[in-house]
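Listed below, chain by chain, are the residues.
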Amino acid sequence: MDKIRVTVWSEGIDPELEPRAIALYPDDINIYLAGFLQENADFEVRCRDISQPENGMGQDIIDETDVLLWWSHLYDDQVSDEVVDRIVDAVLDGKMNLALLHAGIHSKIGTKLLGKNSTTGKYREVGEMERMWVIDRGHPVVAGLEREYLEFPDSEMYGEPYGMPTPDEIVFISWFEGGEVLRSGVSWHKGAGRVFYLAPGHEEFPVYANTELQKVMANMVRWLRPVAGPPITFHGEIGSIETIKNPLKK
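Residues numbered from 1 in each chain as written. Predicted model: local features only at pLDDT ≥ 70, side-chain atom pairs only at ≥ 80, totals over all residues. Heavy atoms only, no water.

Caption draft 1: Structural detail: the pattern of salt bridges. Evaluated as defined, the whole model comprises 13 salt bridges. Across the salt bridge formed by Glu204 and Arg20, the nearest N and O atoms sit 3.5 Å from each other. Remark: Arg20 occurs in helix α1 (residues 19-24) and Glu204 occurs in the loop between β9 (193-198) and α6 (211-223); sequence separation between them is 184 residues. For the salt bridge of Asp81 with Lys108, the shortest nitrogen-to-oxygen distance reads 2.8 Å. With Asp81 in helix α4 (residues 81-92) and Lys108 in helix α5 (residues 108-114), this residue pair connects regions lying 27 residues apart in the sequence. (Salt bridge = Lys/Arg side-chain N within 4 Å of Asp/Glu carboxyl O. Helix = DSSP H or I, 4+ residues; strand = E, 2+ residues; numbered from the N terminus.)

Caption draft 2: Quick look at the nonpolar core. By size, the foremost hydrophobic cluster in this structure holds 39 residues, and its most contacted members are Leu69, Leu101, Phe172, Tyr208, Leu213, Met217 and Met220. Here this core gets seven residues from one element, more than from any other, and that element is α6. When sequence neighbours within four positions are dropped, the list of residues in contact with Leu69 reads Val6, Thr7, Val8, Trp9, Leu37, Ala99, Leu101, Met217, Met220 and Val221. (Core = buried A, V, L, I, M, F, W, Y, C linked by side-chain atoms within 4.5 Å. Buried < 20%, exposed > 50% of the residue type's maximum accessible area, 1.4 Å probe, protein only. Contact = heavy atoms within 4.5 Å.)

Caption draft 3: Summary view of the packing of helix α2 (residues 29-37) against α6. Closest axis-to-axis distance for the α2/α6 pair is 10 Å, and the angle between their directions is 80 degrees. By the angle class used here, α2 and α6 are roughly perpendicular. Each of Tyr32, Leu33, Phe36 and Leu37 in α2 lies in contact with α6, whose residues at this interface are Gln214, Met217, Ala218 and Val221. A per-class count over the contact of α2 with α6 returns seven nonpolar, one polar and no charged. (Axes fitted to C-alpha atoms, helices over the stretch in contact; angles between N-to-C directions. Parallel < 35°, antiparallel > 145°, perpendicular 65-115°, else oblique. Nonpolar A, V, L, I, M, F, W, Y, C, P; charged D, E, K, R; others polar.)

Caption draft 4: Layout of a nonpolar patch on the surface. On the surface, Trp133, Ile135, Ile170, Trp175 and Val181 cluster together to form a nonpolar patch covering roughly 400 Å² of accessible area. Position of Ile135 among the secondary structure elements: in the loop between β5 (120-134) and β6 (149-163). (Patch = residues over 30% accessible without salt bridge, like charges linked within 9 Å, V, L, I, M, F, W, Y side chains within 5 Å. Areas by Shrake-Rupley, 256 points an atom, 1.4 Å probe, with all protein chains shown as cover.)

Caption draft 5: Just the layout of surface pockets, in detail. Its volume calculated, the largest pocket comes out at about 400 Å³. Around the largest pocket, the lining comprises 17 residues; the ones closest to its centre are Asp93, Gly94, Ala192, Gly229 and Pro230. Looking at the lining of the largest pocket residue by residue, the class counts come to eight nonpolar, six polar and three charged. (1 Å grid on protein atoms, 1.4 Å probe; cavity = no way out; pocket = protein on both sides within 12 Å on 5 of 7 lines; lining within 4 Å. Points joined across faces, edges and corners; volume = space filled by probe spheres on them.)

Caption draft 6: Spatial organisation of the side chain of Asp66. Looking at the element boundaries, Asp66 is found in the loop between α3 (59-63) and β3 (67-71). A residue is classified by how much of its surface remains accessible, and Asp66, at 10% relative accessible area, is buried. Those residues in contact with Asp66, other than ones at most four positions away along the chain, are Lys3, Ile4, Arg5, Met96, Asn97, Leu224 and Pro226.

Caption draft 7: The arrangement of the environment of Gly144 in detail. Tracing the backbone shows Gly144 in the loop between β5 and β6. Under the relative-accessibility criterion, Gly144 is labelled exposed at 55%. Along the sequence, Gly144 and Leu92 sit 52 residues apart, while their C-alpha atoms lie 30 Å from each other.

Caption draft 8: Highlighting unusual backbone geometry. Cis geometry is found at the peptide bond from Glu160 to Pro161, where omega equals 0 degrees. Tracing the sequence through the fold places Pro161 in strand β6. A positive phi angle is found at His102, which is not glycine, with a value near 50 degrees. Tracing the backbone shows His102 in the loop between β4 (97-101) and α5. A residue is classified by how much of its surface remains accessible, and His102, at 2% relative accessible area, is buried.

Here is the structure:
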């Protein structure tokens, strides 16, 4: 079987605004994520970022991507509408599937695919413990986990009621030390494509160093591999397959 073509996208880290993030991810978050993802022999991984031509997501890149991982939080307004439309169309057509990471659910892409209600939510950045419980023990994303929860000693809290549309599947729910909870690993079917939202991943806490989360992310990539379904050969009004006995006259 051909390798899964994975593109990991990040907006970059501002060293003046985010010194703690630079200390954790000196080469940017996309480079870090690609580093452990490419240890999977069935993945072919590349990195793209907002500073590149067409925000790193030209049509040629999309055509060569099976799964896109999208990490953003501060500079979503700098992603062009043309690039957003290009990515959304690829997902809806089932040519490429999407993982929205952490604040990426608030991105222009997340909002366009999931609706405006995906832009609301509460948060707290104090480095509290997060325990992410497995809700769907039969989902492929949790394959190989050694216990029924993942635990991060320091994390950012995103709390319910969180402004996301009702998911098709809830795989994880997180509980935070301060008392809040979050649907932290969920998915939606959109058109012929799929979207998975994985919440943990604040840039100032070493959440992505957790080896069990790395396993979840690899499973997520495999689950998001596009499926070659039947093509839609005609759009708009069409003739009937069977004979219609009393068709209306125009």
